[in-house]
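If you want the building blocks of each chain, they are given just below.
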Amino acid sequence: MNFLFSLQRRGRACGLAILIALAGSVAPGAGAREPLAPGPWWQHAVIYEIYVRSFQDSNGDGIGDLKGITQRLDYLQELGVDALWLTPFFPSPNFDFGYDVSDYTDVSPEYGSLADWDELVREADRRGIRILVDFVLNHTSDQHAWFRAARSARDNPKRDWYVWRKGSSDGGPPNHWQSIFGGPAWTLDPASGEWYYHIFLPQQPDVNWNNPQLRAAMFEVAGFWLRRGAAGFRLDATPYLVEDPAFPDDPHPESGPPVWLKPYNSGRPETHEVLRQLRAVLGGFAGDPVLLGESATANIAELAAVYGKNHDEIQLPMNFLIGNLQALDAPTFKRQIDDAQLKLGGQTPVFFLSSHDHSRQWSAFGDGTHNDQIAKLTASLTLAPRGTALLYYGEELGMGDLPPQELAQARIGPKRPRADERDRARSPMQWTGASGVGFSSAPAWLPAARAAATYNVAAERADPDSILHWYGALIRLRHEDPAFASGSYLPLETGNAQTLAFARMSADGSGAVVALNASAQEQELRITGLPAHAQLREVILSSPAAHAPAGATLRLAPYGVAIVRLVAP
Ligand code: GLC
Ligand code: CA
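Because the structure is a prediction, the values reported are computed rather than measured.

Definitions and cut-offs
- Residues numbered from 1 in each chain as written.
- Chains lettered and ligands numbered in written order.
- Predicted model: local features only at pLDDT ≥ 70, side-chain atom pairs only at ≥ 80, totals over all residues.
- Heavy atoms only, no water.
- Helix = DSSP H or I, 4+ residues; strand = E, 2+ residues; numbered from the N terminus.
- Rg over C-alpha atoms; globule rule 2.2 N^0.38 Å.
- Buried < 20%, exposed > 50% of the residue type's maximum accessible area, 1.4 Å probe, protein only.
- Contact = heavy atoms within 4.5 Å.
- Areas by Shrake-Rupley, 256 points an atom, 1.4 Å probe, with all protein chains shown as cover.
- Core = buried A, V, L, I, M, F, W, Y, C linked by side-chain atoms within 4.5 Å.
- Near = heavy atom within 4 Å.
- Polar contact = N/O pair within 3.5 Å; in protein donor to acceptor, adjacent residues only side chain to side chain.
- 1 Å grid on protein atoms, 1.4 Å probe; cavity = no way out; pocket = protein on both sides within 12 Å on 5 of 7 lines; lining within 4 Å.
- Sits in = over half its atoms within 2 Å of the grid points.
- Donors = N, O, S within 2.8 Å, 3.2 Å for Na, K, Ca; no water.
- Pairing = 2+ DSSP bridges.
- Axes fitted to C-alpha atoms, helices over the stretch in contact; angles between N-to-C directions.

Trainee: It is not clear to me how the overall build of the chain should be interpreted in this structure. Could you clarify?
Mentor: In terms of helices and strands, the chain carries 16 helices and 18 strands. By the compact-globule yardstick of 25 Å for 569 residues, the chain fits well, its C-alpha radius of gyration being 24 Å. Seen along its three principal axes, the alpha-carbon backbone of the chain occupies a region of about 75 × 55 × 50 Å. Counting over 569 residues, the chain shows a buried share of 58%. The long-range fraction of contacts in the chain, counting pairs at least 24 apart against all pairs at least 6 apart in sequence, stands at 70%. For the chain, the exposed surface amounts to about 21,800 Å²; the carbon and sulfur share of it is 54%.

Pasting the structure below:
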């Protein structure tokens, strides 16, 4: 299968031509790619999420760290990613592995030091890679100095930095709201007799964004990391920043919307002001810093609202309407991708299918027979549409979930006696097939997947037909082919509900058609919806190798993907 090699050769030649043409112009970092597309970098970026604990251990304690990431930057540059989102690496008692922050402006010793952060930023910049910090702004750890002060006395000045209420008349919690992690969303503070609110664990008290001092302190945290070289933030749990001020009782929390989408605990209108102010903080910094939001919504209209009425809030809200899909159903994906393109007011959609909270896509969408081919198909769903693509470390290898039996046996540490179900997608990055998988010289905090013997960077580099090479080819297309770098999105019909297709169009009417078969049978597609007289030409990238189209008709193998050049009349 030489399609990948031919694309790679084309890519290198093309990249060189661009370099020569632009010699002498000022680049943001010595290794930065000169973008083919206009507009800020994040509008067409590939952002790669690293679960810091699991990517690369540099000091032999079995826990990934910042220095480990620095050691692996060449790999990330070779893959072609534009930015990294690092999961929280701040001091934390680790009840939720760093999502319970006890100090926002330091690095946890298990992940390194501020000096390691500085070095990572410097080395990443040399390679044209930006870094987003995970900003957990809905809650702190209950060990954070702010909460310790708040808890110390009812009249402590920081008391109001958190959400306190009196219990109900029967001595129970203030209302029946439930937490996303299970159990009541309130915990009693016996000393004061009041309850504090937490949408997640009791060790993660929600802060009170209505308090101006808290707000200022949080914005100061943002400034700290921006001054220290962050290119922006992934914002944790943005729907939950503000609660309904009436705290209405929910006598039947089990009915109605799921607990993470209740009208009283999420998506409150007051949140817009907070996010506008945070965005304004970013506006004071050079380099187009960005907010990538963990912005779960119930529908596309709500997602559109997250960008802000005047597009002055979160530039990149993650699209959970697609990210949460668990079945490979072509009409559903088509509808959701079309919506993301056409119903977000022209804003940048954010596509992802895996994260540290999700099952890995190789496992979620695999049918047990065609998993590798399906992984290439789902990669195309994330990387080929117009928008920003979010990858999760190891998805480019076809890493799968740890099986439940192995998770059940994993011993994780004093705070987490048992593995969290989500730890299935957090096993060590598979660098090699050796024991230890190239992650650490010590036993890793979580065992590596057994499939690491086959699915690893070293083996896949050597195999031109690997999932890794497919990702590399798609990312290169985004950077080097004008239709993918900056082209618009055109929805297409295929006359076949097992398949879907869309086009990426350059201003001159040329472009490319992306066609996918989401079934285990060969399928025929008759493409309609193309501009008049536009013609399908050669296949520029496909897996498995596809024949050139006959007119507007294409045949695709089971779970096949073909990207076909489209020429203007
Ligand atoms: C977000 C994070 C998740 C964490 C939760 C609480 O959903 O992605 O991992 O547990 O927030 O901070
Ligand atoms: Ca380590």
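After presenting the structure, the write-up continues.
Trainee: For this particular structure, what's the right way to read the nonpolar core?
Mentor: Nonpolar side chains tend to gather and get buried jointly when the protein is soluble and globular. The biggest cluster of nonpolar side chains holds 143 residues, and the ones touching the most others in it are Tyr48, Leu86, Trp117 and Trp225. The greatest single-element share of this core, amounting to 9 residues, is contributed by helix α6 (residues 212-227). Excluding residues within four positions of it along the chain, Leu86 makes contact with Ile50, Val52, Leu66, Ile69, Trp117, Leu120, Ile131, Leu132, Val133 and Asp134. Counting residues in hydrophobic clusters, the runner-up holds 15 residues, among them Ala503, Met505, Leu525 and Ala534.

Trainee: What is the right way to read the environment of Ile475 from this model?
Mentor: Examined against the element boundaries, Ile475 turns out to sit in helix α15 (residues 467-480). Accessibility expressed as a relative area gives 1% for Ile475, which makes it buried. Linking Ile475 and Pro251, residues 224 residues apart in sequence, is a C-alpha distance of 49 Å. In this view, Ile475 contacts Val46, Leu79, Gly80, Leu383 and Leu391; residues no more than four positions away in its chain are not counted.

Trainee: Mind showing me how you'd approach the site of ligand 1 here?
Mentor: In the vicinity of ligand 1, the residues found are Asp96, Tyr99, His139, Phe181, Phe200, Gln204, Arg234, Asp236, Glu294, His356, Asp357 and Arg422. Interatomic distance of 3.0 Å between a side-chain N/O atom of Arg234 and an oxygen atom of ligand 1. Take Glu294: an N or O atom from its side chain is 2.7 Å from an oxygen atom of ligand 1. Within the complex, 96% of the 300 Å² of free accessible area of ligand 1 lies under protein. Cavity membership is defined here by more than half of the atoms lying within 2 Å of grid points; on that basis ligand 1 lies in the second largest pocket.

Trainee: I keep staring at the side chain of Ser141 and nothing clicks. Help me out?
Mentor: Position of Ser141 among the secondary structure elements: in the loop between β3 (130-135) and α5 (145-152). Polar side-chain contacts of Ser141 include one of 2.8 Å to the backbone nitrogen of Gln143.

Trainee: What is the right way to read the coordination of the calcium ion (ligand 2) from this model?
Mentor: Geometrically, a metal with four donors at the corners of a regular tetrahedron has ideal angles of 109.5 degrees, and one with six donors at the corners of a regular octahedron has ideal angles of 90 or 180 degrees. Protein coordination at the calcium ion (ligand 2) comes from Asp57 (OD), Asn59 (OD1), Asp61 (OD), Ile63 (O) and Asp65 (OD), with a distance range of 2.2 to 2.4 Å. On the primary sequence, the residues serving as donors to the calcium ion (ligand 2) are separated as D-x1-N-x1-D-x1-I-x1-D. Side by side, Asp57 and Asp65 carry an identical accessibility label, which is buried.

Trainee: Looking at this structure, I do not really get the pairing of strand β18 (residues 561-567). What am I missing?
Mentor: The side chains of a regular strand alternate, residue by residue, between the two faces of the sheet. The buried fraction of β18 amounts to 6 of the 7 residues, a majority that puts the element mostly inside the structure. Relative to β18, strand β14 (residues 511-517) is paired through 6 bridges, and the arrangement is antiparallel. Paired with Ala515 across the strands is Ala562, a residue of β18. In this structure, strand β16 (residues 535-543) lies alongside β18, joined through 6 bridges in antiparallel fashion.

Trainee: How do you make sense of unusual backbone geometry when you look at a structure like this?
Mentor: Excluding glycine, most residues fall at negative phi; most peptide bonds, likewise, are trans. The step from Ser543 to Pro544 runs through a cis peptide bond, and the omega angle for that step is -15°. Looking at the secondary structure, you find Pro544 in the loop between β16 and β17 (553-556). Even without a glycine there, the phi angle at Phe247 is positive, about 40°. Among the secondary structure elements, Phe247 is positioned in the loop between β7 (232-235) and α7 (271-283). One non-glycine residue, Val437, adopts positive backbone phi at about 45°. With respect to the helices, strands and loops of the structure, Val437 is situated in the loop between α13 (404-409) and α14 (457-461). For Val437, a relative accessible area of 5% corresponds to the buried category.

Trainee: Help me understand the sheet that holds strand β5 (residues 186-189), please; the structure alone is not making it clear to me.
Mentor: The strands making up a sheet associate through hydrogen bonds between their backbones, and the pairing can be parallel or antiparallel. Sheet architecture is open: 3 strands sit in the order β4-β6-β5, paired in antiparallel fashion. The sheet is open, and its two borders are formed by β4 (164-166) and β5, each paired with just one other strand. Within the sheet, the average angular offset between the axes of one strand and its neighbour, ignoring direction, is 40°. Relative to strand β6 (residues 194-197), β5 runs antiparallel, the two sharing 4 bridges. In the sheet register, Leu188 faces β6, and the bridge partner there is Trp195. Against the sheet, α5 touches β4, β5 and β6, its axis set at about 25° to β4.

Trainee: Explanation requested: the sheet that holds β16 in the structure shown.
Mentor: With antiparallel pairing, the 5 strands of this open sheet are ordered in space as β12-β13-β14-β18-β16. What marks the edges here is a single partner per strand, and that holds for β12 (488-491) and β16. Taking the axes of each pair of neighbouring strands and ignoring which way they run, one obtains an average angle of 25° across the sheet. Along the sheet face, α15 touches β16 and β18 and points at about 140° away from the line of β16.

Purely geometric numbers; function is a separate question.
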